[in-house]
Amino acid sequence: MRNLISIDDLTNEEIEEIFSLADASDKLRADRPASGEIMATLFYEPSTRTRLSFESAMQRLGGSVISCSDMKASSTAKGETVADTAKVVSSYADVLVVRHNWDGTVLAMAEHANVPVINAGDGSHEHPTQTLCDLYTLRKEKGELKGLNVVLCGDLKNGRTIHSLVYALARFGANVVTLAANGMALPQYVIERLEREYDYALAPVASDDLNAVVTETDALYLTPKQPHELALYTQVDQVIQARLNTMATGLRYDAFYMTRKQKERMKEGTTDTSYPTIGPNFLREQRFQDTVVMHPLPRVDELSPEVDGDRRGIYFKQAAYGVPVRMALLKFLFDRRAEKRKPSRHAIPYQSPEPIGPQCRNPNCVTVREPISSRRRFEIVSSGQANALILACAYCDHRFKVQIGGNVQSKKYYVFDSALASTFRDWLKKDELALFDSIKEAEELDYEPFKSGPHRVLMTESDIHTALANMSGQILHDCRELSRLLILGVRGAGSQLARRLAKEIVQQANHNPEVGEIEIYGSGDELKRLLPDAREAEPLNLKDREVILVDDVIFTGRTVKSALSIIFRSARPQSVRLAVLIDRGHREIPVKPNYVGKHIPSSESDRVRVKLSELEPGERDQVIIYTIMNPSEEARRTARNSEFTAK
Ligand code: NCD
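Residues numbered from 1 in each chain as written. Predicted model: local features only at pLDDT ≥ 70, side-chain atom pairs only at ≥ 80, totals over all residues. Heavy atoms only, no water.

Draft legend 1. Spotlight on the pattern of salt bridges. Under the counting rule described, the total for this entry stands at 43 salt bridges. Note that Asp31 and Lys27 form a salt bridge whose closest N and O atoms lie 2.6 Å from each other. Taken as a pair, Asp31 and Lys27 lie in helix 2 (residues 25–31) at a separation of four residues, close to a single helical turn. Looking at Asp31, the relative accessible area reads 46%, which means it is partly exposed. Judged by relative accessible area, Lys27 falls into the exposed class, the value being 54%. A salt bridge links Glu197 to Arg196, with the nearest nitrogen and oxygen atoms 3.2 Å apart. (Salt bridge = Lys/Arg side-chain N within 4 Å of Asp/Glu carboxyl O. Helix = DSSP H or I, 4+ residues; strand = E, 2+ residues; numbered from the N terminus. Buried < 20%, exposed > 50% of the residue type's maximum accessible area, 1.4 Å probe, protein only.)

Draft legend 2. Representation of the nonpolar core. The biggest cluster of nonpolar side chains holds 66 residues, and the ones touching the most others in it are Leu152, Leu194 and Leu330. Considering each element in turn, this core owes the most residues, nine residues, to helix 12 (residues 322–335). If you look at the next biggest cluster of nonpolar residues, it comprises 43 residues, including Met109, Cys360, Leu420 and Phe450. (Core = buried A, V, L, I, M, F, W, Y, C linked by side-chain atoms within 4.5 Å.)

Draft legend 3. A look at the sheet that holds strand 16 (residues 412–415). Taken in spatial order, the four strands line up as 17-15-16-18 in an open sheet, and their pairing is mixed. Each edge of the sheet is formed by a strand with only one pairing partner; in this case those strands are strand 17 (433–436) and strand 18 (448–449). Here four bridges tie strand 15 (residues 404–407) to strand 17, and the two strands are oriented antiparallel to one another. Bridge assignment links Gly405 to a residue of strand 17, and that residue is Leu435. Docked against the sheet, helix 14 (residues 421–429) engages strand 15, strand 16 and strand 17, running at close to 115 degrees with respect to strand 17. (Pairing = 2+ DSSP bridges. Contact = heavy atoms within 4.5 Å. Axes fitted to C-alpha atoms, helices over the stretch in contact; angles between N-to-C directions.)

Draft legend 4. The arrangement of the pairing of strand 21 (residues 514–518) in detail. Summarising burial for strand 21: five of the five residues are buried, a large majority. On strand 21, burial covers both faces: Glu514, Gly516 and Ile518 on one face and Val515 and Glu517 on the other are all buried. Relative to strand 21, strand 20 (residues 485–490) is paired through five bridges, and the arrangement is parallel. Across the sheet, Ile487 pairs through a bridge with Val515, a residue of strand 21. A crossover links strand 20 with its parallel partner strand 21, the connecting element being helix 17 (residues 493–509), and its sense is right-handed. (Right-handed = clockwise from strand over helix to strand, strands pointing away.)

Draft legend 5. Inspection of unusual backbone geometry at higher detail. Between Leu297 and Pro298 the backbone carries a cis peptide bond, its omega angle lying at 5 degrees. Position of Pro298 relative to the elements: it lies in the loop between strand 10 (292–294) and helix 11 (315–320). The backbone of Asn510 sits at a positive phi, close to 55 degrees, despite the residue not being glycine. For Asn510, a relative accessible area of 71% gives the class exposed.

Draft legend 6. Just the environment of Pro187, in detail. Assignment of secondary structure puts Pro187 in the loop between strand 6 (175–180) and helix 8 (188–198). Taking the relative accessible area as the measure of exposure, Pro187 reaches 10% and is therefore buried. Along the backbone, Pro187 and Ser570 are 383 residues apart, and their C-alpha atoms lie at a distance of 9.9 Å. With near-sequence residues (within four places) excluded, Pro187 lies in contact with Leu156, Lys157, His163, Glu526 and Arg569.

Draft legend 7. Just empty space enclosed by the protein, in detail. Counted according to the given criterion, the structure contains three cavities of 30 Å³ or more. By volume, the second largest cavity is sized at about 50 Å³. Arg49, Gln130, Cys133, Gln318, Ala319, Gly322 and Arg326 together form the lining of the second largest cavity. For the lining of the second largest cavity, the elements supplying multiple residues, two or more each, are helix 6 (128–142), helix 11 and helix 12. Looking at the lining of the second largest cavity residue by residue, the class counts come to two nonpolar, three polar and two charged. (1 Å grid on protein atoms, 1.4 Å probe; cavity = no way out; pocket = protein on both sides within 12 Å on 5 of 7 lines; lining within 4 Å. Points joined across faces, edges and corners; volume = space filled by probe spheres on them. Nonpolar A, V, L, I, M, F, W, Y, C, P; charged D, E, K, R; others polar.)

Draft legend 8. Up close: the site of the ligand. Looking at the ligand, the residues that line it are Thr50, Arg99, His127, Gln130, Arg160, Thr161, Arg260, Gln262, Pro296, Leu297 and Pro298. Within the side chain of Gln262, one N or O atom sits 2.9 Å away from an oxygen atom of the ligand. Protein chains bury 94% of the 320 Å² of accessible surface belonging to the ligand in isolation. A breakdown of the residues in the shell around the ligand according to their chemical character gives three nonpolar, five polar and three charged. (Near = heavy atom within 4 Å. Polar contact = N/O pair within 3.5 Å; in protein donor to acceptor, adjacent residues only side chain to side chain. Areas by Shrake-Rupley, 256 points an atom, 1.4 Å probe, with all protein chains shown as cover.)

Draft legend 9. Quick look at the side chain of Asn175. Note on placement: Asn175 falls in strand 6. Setting aside residues up to four positions removed in sequence, Asn175 forms contacts with Gly147, Leu148, Asn149, Val150, Tyr221, Leu222, Thr223 and Pro224.

Draft legend 10. Just helix 6, in detail. The first and last C-alpha atoms of helix 6 sit 21 Å apart over 15 residues, in line with the 21 Å expected at 1.5 Å per residue. In terms of burial, helix 6 is a largely internal element, eleven of the 15 residues being buried. Those residues of helix 6 that sit buried are Pro128, Thr129, Gln130, Thr131, Leu132, Cys133, Asp134, Leu135, Tyr136, Thr137 and Leu138. Once helix 6 finishes, Gly143 follows within two positions and takes phi at roughly 85 degrees, a positive value. (Expected span 1.5 Å × (residues − 1).)

Draft legend 11. Structural detail: the packing of helix 1 (residues 12–23) against helix 12. Running from N to C, helix 1 and helix 12 point in directions that differ by 120 degrees, and their axes come no closer than 8 Å. Regarding the angle of helix 1 to helix 12, the classification is oblique. The crossing of helix 1 and helix 12 is right-handed. Contact residues: helix 1 offers Glu14, Glu17, Ile18, Leu21 and Ala22, while helix 12 offers Pro324, Val325, Ala328, Leu329, Lys331 and Phe332. A per-class count over the contact of helix 1 with helix 12 returns eight nonpolar, no polar and three charged. (Parallel < 35°, antiparallel > 145°, perpendicular 65-115°, else oblique. Left-handed = near helix turned anticlockwise from the far one by under 90°.)

Draft legend 12. Quick peek at the sheet that holds strand 4 (residues 117–122). Ordered by their spatial adjacency, four strands build an open sheet running 2-1-3-4, and the pairing between neighbours is parallel. The open sheet has two edge strands with one neighbour each: strand 2 (64–67) and strand 4. Looking at each pair of strands side by side, their axes are set apart by 20 degrees on average, direction ignored. Alignment of strand 1 (residues 38–43) against strand 3 (residues 95–100), held across five bridges, turns out to be parallel. Looking across to strand 3, one finds that Met39 is bridged to Val95.

Dropping the structure here:
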C-alpha cells in the first residue's frame, strides 16, 4: 500500500506524473475514477483549504466523503488513541486524510490502517500535499523548477509547509534563499538532511539585496555544493569576513514564499519578535519585478492585501490548484493500492532489541506524546561524530546522539567511540546492538561495563586552571570590542568550560561577558543563553558578535563544523574563534582552533576524556587518556595477555 507521509514518499517522476494528471483534471472529472470509493477526513487541527479542497477533489472524482466535523467531538475526547482511531476508520473508508498537531502522528496512524493514508500536516514536521500544490504553481508560472531561486520567508522553524517544500526544491535542482524571522531559522535537522542527501550547502546572501523585506535575520543561500565550495569553517577570521562580504550578491529572485508565524507551536513569551513582511516596498523594488509571491495561507499580517491586485501575487491561484492537484494525487494513490512502499535509500534502520532503549528528544513527537500508538524506530544517520551515534526518529525526523551501546548476548556496555564503529555495525547486523540513553538505563537491564586499558592523567586540576587562565588572556588580547564578546560552549563539557572562561575574563578584565550554549543534536532550541539569566526569554542574538566557540576536545572537527553551521544559520557574527582545552590533531575537516589548552597528538584507538567536577560530582578536574579494547576481542586478549586486564 502506498501512503503519502513525507514528500520523499514520491519520486520526481511520480510527482511529474501527478502534475500531468492534474493538467487533465477535466478528464478525471468526466471519468469519475473514484466512483464508489469513500474518503475519511480526520482533522485534529483547524483547516479550510486543505480539508475542503480534498473533499471537493474526492467528490469531483465521483467518490464520497465521511468526516468528523470536530475531532474533539470524536472518541479522541474519551481518550481513544490515534492507533485505534486509524484502525477503526480504515474499515469505513478507502483512504484517510489526516491532520494532527503532533509530529509523526500520521505515520503512526498509517502503521495501523489498512488503507492508504495521506498526511495533511503533522505538527511542524511535514505537509507534502501543500508542497505538491506549491511546485505545481511554480512550474506553471516559471516553466521549470531547476535553477530557480526561491526565497523562503518567515517562520522556517515551525512551518511544516516549508520543510516539505525545501526538500522538494532541492530534489528538483532549485536554489533556496532562507530569510527567517529572528529565532525561527530552518532547523538543523533539515539543513543536515539537505547536506547529506542532496549535497546542498549554505552561503550568506548580501543583506542589501533583500532590504525591501524587513527582517532581523540574515539571509542564507542553499545551493548544490558545486560550483561553489561554500565551506563555512575556516582558519582565520579575515577569510570568513572576506567570504561573507562577497557571497551570493545580485541574485535573481524568482519567487518569494511567505509564511505565517506559527504562534500555536511556540512557547508563550517567545512570539513577540519582529517578523519580515511583504508589502508596497517590495512591489516598488526594481529587482523584484519578476518575483512571484506565494503563501500557503492563511495569512495574518506578514503579507499585505496590496499585493493581491498585483500580477506577482499568485497565492489565490496556488490555493485554487489545490483541487486539481489533490484529484490527481487521489487517482495516483488509488491506482497504486497494491504497491509496497519503497524503503528510503539512505536508511540504516534501528529498533532496540531490549525493552528499554533510546527515546526521541522531540517533546512533540508522537513516540513521546502517545508511545502506545508507535514503535520507537530510528535511522542511524552517522557514526562519524567522535564519540556518538546519531539517530534520526523515523516518525518526526529529529536527530539526537546516543553514546551508550552494548551487546545483548554478552550484556556488556560501552561508551561509543569511532574506534568501535565496525564492532557496533556487526552487532547491528546480527540484531544484537542495544543502544541506551544513559549508563543507568543499561545497568537497569543488568549490563556491565567493558574493561578499558590503563588510564594516564594528561592534565591535572591545576594544569586545567592555568590553561584556561592563559586562554582567557589571549581571548581578551584579540577581542576588538568587549561588549560584543560572546562565549558559546558546546553543550556538555564545552558549556562548563565556557562558564569558566567567562569567570577568568571577569577577573582579568572586570568585564562580564555573555555566555551561551549550543546544542548540536538536541531538540528545539539549539542556541540558548546561560548568562546573564535575566533575559532568558529573548533568543540569543549572534548578529555582529565576536563569538568564541568552546569545546573540550577537538578531534575530527565535525562537531565544530555542525556548530558553525548552526551559528551562521542563526545570524552573521562579526567573527567566530575556536577555543578548545585539548587538540588531538587528527582532523577530517580543516578547522584550526585559535586557542588551545594542550596539544595531545593521539591515535584513533586512544580515548581522551576531560572530566569536570561540575559534570561528574565527586571527581576531580582532569584530562585522562586510555586505550580502547575492542570488545569483541576482549575475551581472547584477556586470556592471552594479562597486561590488558590492568584497570
Ligand atoms: C498551512 C498549514 O496548515 O500548515 N496551511 C495550509 O495547509 N495551507 C499553513 C499555516 O497554517 O500557516
